[in-house]
Amino acid sequence: MEKEYETVIGLEVHVELATKTKIFCSCSTEFGGAPNTHTCPVCTGMPGSLPVLNRQVVEYAIAVGLATNCDITQYCKFDRKNYFYPDNPQNYQISQLYLPICRNGHVEIEVNGSKKNVGIHEIHMEEDAGKLIHDEWEDCTLVDYNRSGVPLIEIVSEPDMRNAEEVIAYLEKLRTTIQYLGASDCKLQEGSMRADVNLSVREVGSDKFGTRTEMKNLNSFKAIARAIKGERERQIELIEEGKKVVQETRRWDDNKEYSYAMRSKEDAQDYRYFPEPDLVPIFIDSDWLKRVKAAQPELREEKLLRYEKEYDIPRDDALIITESRKMADIFEETTKLCGDAKKTANWLIGETMRLVKENEMDVADISFSPENLAKLIKIVSKGEINNIVAKEVFEEIFKNDIDPEKYVEEKGLKSVNDEGTLKEVIQKIVDENPKSVEDYKNGKKKAIGFLVGQTMKAMKGKADPAAVNKILGEILNAV
Amino acid sequence: MANVISDETIEYVGILAKLELSGEEKEKAKKDMESMLDYVDKLNELDTEGVEPMSHVFKVNNVFREDVVTNEDTHELILKNAPQQKENQFKVPKTFD
Amino acid sequence: MSLNDLTALELSKKIKDKEVSVKEAVLASFEQIEKYDEQLNCYVTTLKEDALKRSEEVQKRIDNNELTGLLAGVPIAVKDNICTKDVLTTCSSKILENYYPTFSATAVENIEKEGMIVLGKTNMDEFAMGSTTETSHYGITRNPWNTDRVPGGSSGGSCAAVAAAECFTALGSDTGGSIRQPSSFCGVTGMKPTYGTVSRYGLIAYGSSLDQIGPVGKNVADVAALADVISSYDKKDSTSVKREYAFYDSINEDIKGLKIGIPRDYFSEGLNEEVKQAVMNSVKELEKCGAIVEEFDLSLVDYAIPAYYVIASAEASSNLSRFDGVKYGFRAPEYEGLHNMYKKTRSEGFGSEVKRRIMLGSFVLSSGYYDAYYLKALRTKALIKESYDKAFAKYDVIIGPAAPTTALKIGESLSDPIKMYLGDIYTVSANLAGLPGISVPVGLDKAGLPIGVQILGDCFKENNILKTAKKIEEIAAFGKCQIAGR
Ligand SMILES: [Mg+2]
Ligand SMILES: [Zn+2]
């Protein structure tokens with residue numbers, strides 16, 4: 001009989017924190033500077049330099065811990081993780097092993113309508129490494145320490161997930177939560193959120209874990225889903241062939257859809273952790289915890305409940321809007337200004353999301369102001385422009401955050417409501433299209449649509465559709 | 001109890017420490033480490049049951065920096081001592097296969 | 001009396017009184033360096049041109065009353081593990097043979113603010129690992145009292161330079177006795193302040209939890225004044241502590257009623273008889289001055305060295321991993337691939353004592369041994385700290401020898417590492433417990449070699465050890481060094 005296997009998955013998620021400076025020095029964390037321009041003696045490991053901890057890193061770590069139901073370690077410390085690699089200027093990483101800042105948390109995920117908790121073993125603070133670039137020309141490696149010392153939190157889950165859907169739901173949950181806290185922008189593609197997948201398989205019904213492997217280099221949800229499938233199959237195949245799964249770190253190659261062992265005989269994987277002597281312990285008293293708790297913004301779950309009550313918009317719409325704090329903030333602000341939650345929601349779910357996708361953007365990168373969207377909604381409601389023009393104007397708002405009132409004025413996009421002008425144009429259209437008029441008279445009410453269309457065309461889209469309908473009706477009835 | 005350091009152990013420690021010892025050095029290192037460890041084993045005479053390991057002597061906690069950028073671009077200084085560099089980056093033997 | 005016979009404080013006063021110029025002082029030091037350093041090798045690098053140039057600036061600022069500190073204008077030597085901006089800083093290692101730091105240590109900034117003038121960088125045991133200054137890549141330093149003898153270490157260059165008047169005062173560093181023991185061997189005064197008193201920013205780390213920069217001088221007053229100059233609360237060093245009083249102000253305080261503890265364990269086997277007598281004599285003299293002396297059992301003395309070597313080596317194995325041929329310093333000329341580059345660079349760049357400690361440190365932290373060795377050592381450290389806390393609840397200071405012997409013959413201790421390590425028996429526990437300690441010369445042995453007394457105080461109580469040291473100095477009336485072969 002065919003054996004059935006269950007996949008057991010745990011995640012190590014690295015999140016780059018949204019601080020202005022690095023974790024142990026006053027260098028900027030800004031992305032994309034010229035090589036080594038955001039460096040100093042501390043983050044390049046110069047002899048004699050010493051680390052000093054950025055307070056904001058601790059604040060963010062506590063905030064994430066609280067939002068993921070963790071116990072905050074009152075007395076926590078940093079440790080050194082020793083290994084040689086050129087992206088790591090001191091050849092040790094300052095991290096936390098023995099007393100991580102958060103422990104024993106969980107988040108709730110929902111897959112296909114059923115809910116479950118994923119445990120969080122711990123969250124620790126650590127420093128990022130520099131960037132290695134392969135130089136094809138000289139076949140050597142070049143090292144840029146701009147990212148060296150950028151603060152990270154590493155969120156280590158329990159092996160509580162069983163398939164890719166759960167993994168992705170967990171990651172999305174972490175992402176929205178952390179984004180809501182403002183602790184990180186969590187962009188998978190840009191590497192500000194990175195997930196390593198620990199995976200093992202076991203026969204269904206077994207309560208023992210199989211040997212796990214750790215997969216790295218997963219930079220999209222799709223890659224994660226493929227890697228889980230690929231690694232599951234690879235491990236099952238080994239077991240069926242009577243071979244053993246080796247506990248090791250593997251690198252996922254998304255093009256080849258296969259993972260490769262990263263082991264080298266030069267790496268012993270013995271990190272010789274010991275307490276970092278250059279940093280003093282962190283003592284988090286209840287006052288500090290209270291302060292962070294008080295500063296915690298409204299998270300997604302609370303927002304969803306409130307939206308349903310306060311704005312009366314469908315849950316599906318609310319889900320889309322609250323997927324990121326950025327969107328939710330725009331929604332709330334715009335609604336406050338224009339007083340129309342439904343229309344605001346429609347603009348965000350419809351046009352905004354369409355443009356985000358079209359431009360391959362992240363919602364976090366949306367840059368238009370709620371003021372301008374609110375103005376647009378208002379002038380549409382007043383009938384100053386019609387929906388077609390409104391979409392055009394919105395594209396401008398989306399791209400350049402223009403003031404729609406001024407724009408409409410300058411470009412002469414205002415709808416024409418003036419009865420005299422409209423009557424003249426419509427009369428001409430009616431005269432030029434006797435066939436349609438006849439159809440209409442014969443009961444083909446659809447024909448009116450054609451006449452409206454022709455009128456709009458003649459008005460270059462700037463006619464108020466309501467006025468056109470009214471006048472057209474009058475003229476046709478008079479024929 | 002005298003400590004015995006095997007060839008494998010010296011080899012392993014060499015990998016951890018990134019040190020390459022010649023045959024003669026290796027023998028000496030083994031002997032040195034054995035005698036050092038024998039000496040350090042004296043600590044086993046002490047009952048340290050229940051004693052909290054002391055990493056820091058003083059109870060100083062919570063020394064922080066505020067999150068303000070004060071460092072300027074000093075890449076020329078940073079690269080000044082580099083044994084090999086290229087285009088403002090440190091140059092090392094390739095790390096990719 | 002020559003300029004070089006002045007103490008640092010006397011010199012600065014004469015400069016401020018316009019009796020001597022800063023330049024004259026600098027030239028006097030260099031005269032001495034040029035005469036003796038070829039033989040003594042106190043310096044890895046001398047900075048005559050820089051020093052002369054700076055002496056003019058400093059002179060102007062003294063003349064304008066901008067620099068009024070007790071040590072303004074005084075030439076000073078700096079141990080070569082303390083970073084000096086744009087000045088070669090080698091740690092006496094080949095691996096840093098071409099390293100020019102881009103910043104100065106906070107302690108160096110402080111001496112420059114005072115208007116002191118750096119003459120050069122002094123020789124040391126490679127990366128401060130040693131007690132004889134014989135493990136330097138740049139040759140051994142000889143003891144000015146007898147050039148067949150070692151100056152002690154690791155701050156051997158700084159202490160020998162002060163003894164030979166190749167500078168007026170110097171900075172050393174002390175991880176397990178590296179200021180106090182060579183001060184004792186060279187007949188000068190050297191203090192290791194309480195951990196955290198002098199910023200470690202810019203001190204190239206050996207054992208981070210134990211390292212401390214400290215002053216070396218011709219007498220207690222100079223040492224106290226220099227300690228005031230270099231101590232500062234530094235935001236760049238997270239382990240830096242605030243200091244509540246001026247050290248210099250405490251040296252003349254009365255010692256009447258001072259409670260002195262004499263640890264019996266420091267006077268047992270292994271201690272040279274002449275050293276023992278010299279130390280006991282000065283204690284007797286202190287008693288005559290009104291101090292209350294009592295013997296007691298400190299306990300745990302024999303465990304300090306093994307605990308120290310485990311902790312220091314473990315930290316060193318990590319601290320020294322940054323020397324890899326990537327960012328600075330020496331890179332092996334020939335290698336195949338990255339890991340081979342690391343191995344060749346480090347194997348060729350480090351000397352044997354440094355390699356020995358890196359190997360030991362890597363081993364005691366490695367998987368399966370961490371608890372048995374490293375944690376055991378940290379627990380021992382806690383017990384040692386506790387036993388000092390108990391002692392200082394009863395006594396203001398603890399007095400004993402700084403080293404079991406006077407200066408050893410060159411080459412004598414290198415053959416047996418354990419024997420060499422045992423030389424630190426009286427000094428290492430102060431580093432484990434973070435305590436301040438000072439070594440002050442009290443006399444010569446029959447061979448004409450200096451003997452030092454060590455005074456330990458409770459944390460932050462430098463005032464107690466300084467005033468005691470000052471009293472001992474007055475009683476002993478220790479003469480200046482007649483440089484051998486003069
Ligand atoms: Mg990590
Ligand atoms: Zn930096």
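Worth saying up front: this structure is predicted, and the values here are computed from it rather than measured. (Residues numbered from 1 in each chain as written. Chains lettered and ligands numbered in written order. Predicted model: local features only at pLDDT ≥ 70, side-chain atom pairs only at ≥ 80, totals over all residues. Heavy atoms only, no water.)

**Brief notes about the overall build of chain B**
Argument step 1. Helices and strands together make up the secondary structure of chain B, namely 3 helices and 3 strands.
Argument step 2. Starting at the N terminus and walking to the C terminus, you meet the elements of chain B as α-α-β-α-β-β.
Argument step 3. Computed over C-alpha atoms, the radius of gyration of chain B comes to 23 Å, more than 25% over the 13 Å expected from 2.2 N^0.38 for 97 residues, which places it beyond the range of a compact globule.
Argument step 4. Within chain B, the fraction of its 97 residues that count as buried is 49%. (Helix = DSSP H or I, 4+ residues; strand = E, 2+ residues; numbered from the N terminus. Rg over C-alpha atoms; globule rule 2.2 N^0.38 Å. Buried < 20%, exposed > 50% of the residue type's maximum accessible area, 1.4 Å probe, protein only.)

**Some words on the overall build of chain A**
Argument step 1. Per the secondary structure count, chain A includes 15 helices and 17 strands.
Argument step 2. Overall size of chain A, expressed as C-alpha extent along the three principal axes, is 95 × 65 × 55 Å.
Argument step 3. Counting all 479 residues of chain A, 56% fall into the buried class.
Argument step 4. Summarising the internal contacts of chain A: among those between residues at least 6 apart in sequence, 70% fall at separations of at least 24. (Contact = heavy atoms within 4.5 Å.)

**Points about the layout of surface pockets**
Residue and element names in this part refer to chain A.
Argument step 1. One number sums up the size of the second largest pocket: a volume of about 1,500 Å³.
Argument step 2. If you go around the second largest pocket, you meet 43 residues; those closest to its centre are Glu172, Arg175, Thr176, Arg300 and Glu323.
Argument step 3. Looking at the lining of the second largest pocket, the elements with two or more residues in it are strand E7 (102-111), helix H2 (164-181), helix H3 (221-240), helix H5 (300-310), helix H6 (315-321) and helix H8 (341-358).
Argument step 4. Here the element with the most residues in the lining of the second largest pocket is H2; it accounts for 8 residues.
Argument step 5. Considered class by class, the residues forming the lining of the second largest pocket number 18 nonpolar, 10 polar and 15 charged.
Argument step 6. Of the residues that make up the lining of the second largest pocket, three or more belong to each of domain 1 (5-288) and domain 2 (298-411). (1 Å grid on protein atoms, 1.4 Å probe; cavity = no way out; pocket = protein on both sides within 12 Å on 5 of 7 lines; lining within 4 Å. Points joined across faces, edges and corners; volume = space filled by probe spheres on them. Nonpolar A, V, L, I, M, F, W, Y, C, P; charged D, E, K, R; others polar. Domains from an automatic or database assignment.)

**Observations concerning the interface of chain A and chain B**
Argument step 1. Counting residues at the interface gives 56 residues for chain A, matched by 36 residues for chain B.
Argument step 2. Carbon and sulfur atoms make up 55% of the surface buried where chain A meets chain B, a total of about 4,000 Å² over both sides.
Argument step 3. The tally of links from chain A across to chain B stands at 5 salt bridges.
Argument step 4. Lys91 of chain B is the salt-bridge partner of Glu138 of chain A, the closest N and O atoms lying 2.5 Å from each other.
Argument step 5. Here chain A is connected to chain B by 29 residue pairs in polar contact (both at pLDDT 80 or more). (Buried area = accessible area lost by both parts, 1.4 Å probe. Salt bridge = Lys/Arg side-chain N within 4 Å of Asp/Glu carboxyl O. Polar contact = N/O pair within 3.5 Å; in protein donor to acceptor, adjacent residues only side chain to side chain.)

**So, the interface of chain C and chain B**
Argument step 1. The interface is formed by 66 residues belonging to chain C together with 53 residues belonging to chain B.
Argument step 2. For the chain C and chain B pair, buried surface summed over both sides reaches about 5,200 Å², with 70% attributable to carbon and sulfur atoms.
Argument step 3. Of all residues in chain C, Lys343, Met359 and Lys376 of chain C give up the largest surface area on contact with chain B, accounting jointly for 13% of the area buried on that side.
Argument step 4. Here chain C is connected to chain B by 3 salt bridges.
Argument step 5. The salt bridge partner of Lys355 of chain C is Glu25 of chain B, with a shortest N-O separation of 3.5 Å.
Argument step 6. Run the count over chain C and chain B and you get 18 residue pairs in polar contact (both at pLDDT 80 or more).

**Here we look at the coordination of the magnesium ion (ligand 1)**
All names here are of chain A.
Argument step 1. Taken together, the protein ligands of the magnesium ion (ligand 1) are Glu126 (OE), Glu126 (OE) and Glu154 (OE), with distances of 2.0 to 2.6 Å. Within this pair, whereas Glu126 is found in strand E8 (residues 114-127), its partner Glu154 is found in strand E11 (residues 151-157), the two being separated by 28 residues in sequence. Across the pair, exposure class does not vary: Glu126 and Glu154 are buried alike. (Donors = N, O, S within 2.8 Å, 3.2 Å for Na, K, Ca; no water.)

**Considering empty space enclosed by the protein**
Space left empty within the atom packing is revealed by a probe, the size of a water molecule, rolled over the atoms.
Argument step 1. This structure, assessed with the given rule, holds 8 cavities of 30 Å³ or more.
Argument step 2. Looking at the largest cavity, the residues that line it are Pro277 and Val280 of chain A, Ser55, His56, Val57, Phe58 and Val60 of chain B together with Tyr195, Ser209, Ser238 and Thr239 of chain C.
Argument step 3. By residue class, the composition of the lining of the largest cavity is 6 nonpolar, 5 polar and no charged.

**A look at the environment of Ser148 of chain A**
Residue and element names in this part refer to chain A.
Argument step 1. Tracing the sequence through the fold places Ser148 in the loop between strand E10 (140-144) and E11.
Argument step 2. Distance from Ser148 to Cys43, taken between C-alpha atoms, is 5.9 Å for residues 105 residues apart in sequence.
Argument step 3. Leave out the neighbours within four places in its chain, and Ser148 touches Lys22, Cys43, Pro89, Asp128, Ala129 and Gly130.
Argument step 4. Of note is the side chain of Ser148, whose polar atom sits 2.7 Å from the backbone oxygen of Cys43.

**Structural notes on the sheet that holds strand E2 (residues 85-86) of chain B**
Argument step 1. The strand order E9(A)-E10(A)-E3(B)-E2(B) describes an open sheet built from 4 strands, whose pairing is antiparallel. One side of each edge strand has no neighbouring strand; the edge strands of this open sheet are strand E9 (131-135) of chain A together with E2 of chain B. (Pairing = 2+ DSSP bridges.)

**Brief notes about the sheet that holds strand E5 (residues 189-192) of chain C**
Residues and elements named next belong to chain C.
Argument step 1. Read across the open sheet, the 11 strands follow the order E1-E3-E2-E4-E6-E5-E10-E11-E9-E7-E8; overall the sheet is mixed. Edge positions in the sheet fall to strand E1 (43-46) and strand E8 (292-296), since each has one partner strand and no second. Neighbour-to-neighbour, the strand axes of this sheet turn through a mean angle of 25°, independent of strand direction.
Argument step 2. Across 5 bridges, strand E7 (residues 259-263) lies against E8 in parallel orientation. Across the sheet, residue Pro263 finds its bridge partner in E8, namely Phe296.
Argument step 3. Here helix H3 (residues 48-63) sits on the sheet in contact with E1 and strand E3 (117-122), set at roughly 155° to E3.
Argument step 4. Lying over the sheet, helix H4 (residues 106-114) contacts strand E2 (75-79), E3, strand E4 (169-173) and strand E6 (213-217), oriented at roughly 175° with respect to E2. (Axes fitted to C-alpha atoms, helices over the stretch in contact; angles between N-to-C directions.)

**Quick notes on the coordination of the zinc ion (ligand 2)**
Argument step 1. Around the zinc ion (ligand 2), the protein contributes the donor atoms Cys25 of chain A (SG), Cys27 of chain A (SG), Cys40 of chain A (SG) and Cys43 of chain A (SG), at 2.3 to 2.4 Å from the metal centre.
Argument step 2. Because the angles between the 4 donor atoms bound to the zinc ion (ligand 2) fall within 100 to 114°, the donor set is best described as tetrahedral. (Tetrahedral: all angles 85-135°; square planar, octahedral: opposite > 155°, others 65-115°.)

**As for the pattern of salt bridges**
Argument step 1. Considering all chains together, one arrives at 76 salt bridges over all chains under this definition.
Argument step 2. In this structure, the salt-bridge partner of Lys414 of chain A is Glu409 of chain A, at a minimum N-O distance of 3.7 Å.
Argument step 3. Lys18 of chain C is the partner of Asp63 of chain C in a salt bridge, and the nearest nitrogen-oxygen pair spans 3.4 Å. With a gap of 45 residues between them, Asp63 of chain C in helix H3 and Lys18 of chain C in the loop between helix H1 (8-16) and helix H2 (22-40) connect regions that are remote in the sequence.
Argument step 4. Under the relative-accessibility criterion, Lys18 of chain C is labelled exposed at 55%.
Argument step 5. Within the structure, one salt-bridge network assembled from shared partners comprises Arg80, Glu276 and Asp278 of chain A together with Arg200 and Asp237 of chain C.

**Things to note about the domain arrangement of chain A**
Argument step 1. Under the domain assignment, chain A is made up of domain 1 (5-288), domain 2 (298-411) and domain 3 (419-478).
Argument step 2. Taking the mean C-alpha position of each, domain 2 of chain A and domain 3 of chain A sit 33 Å from one another.

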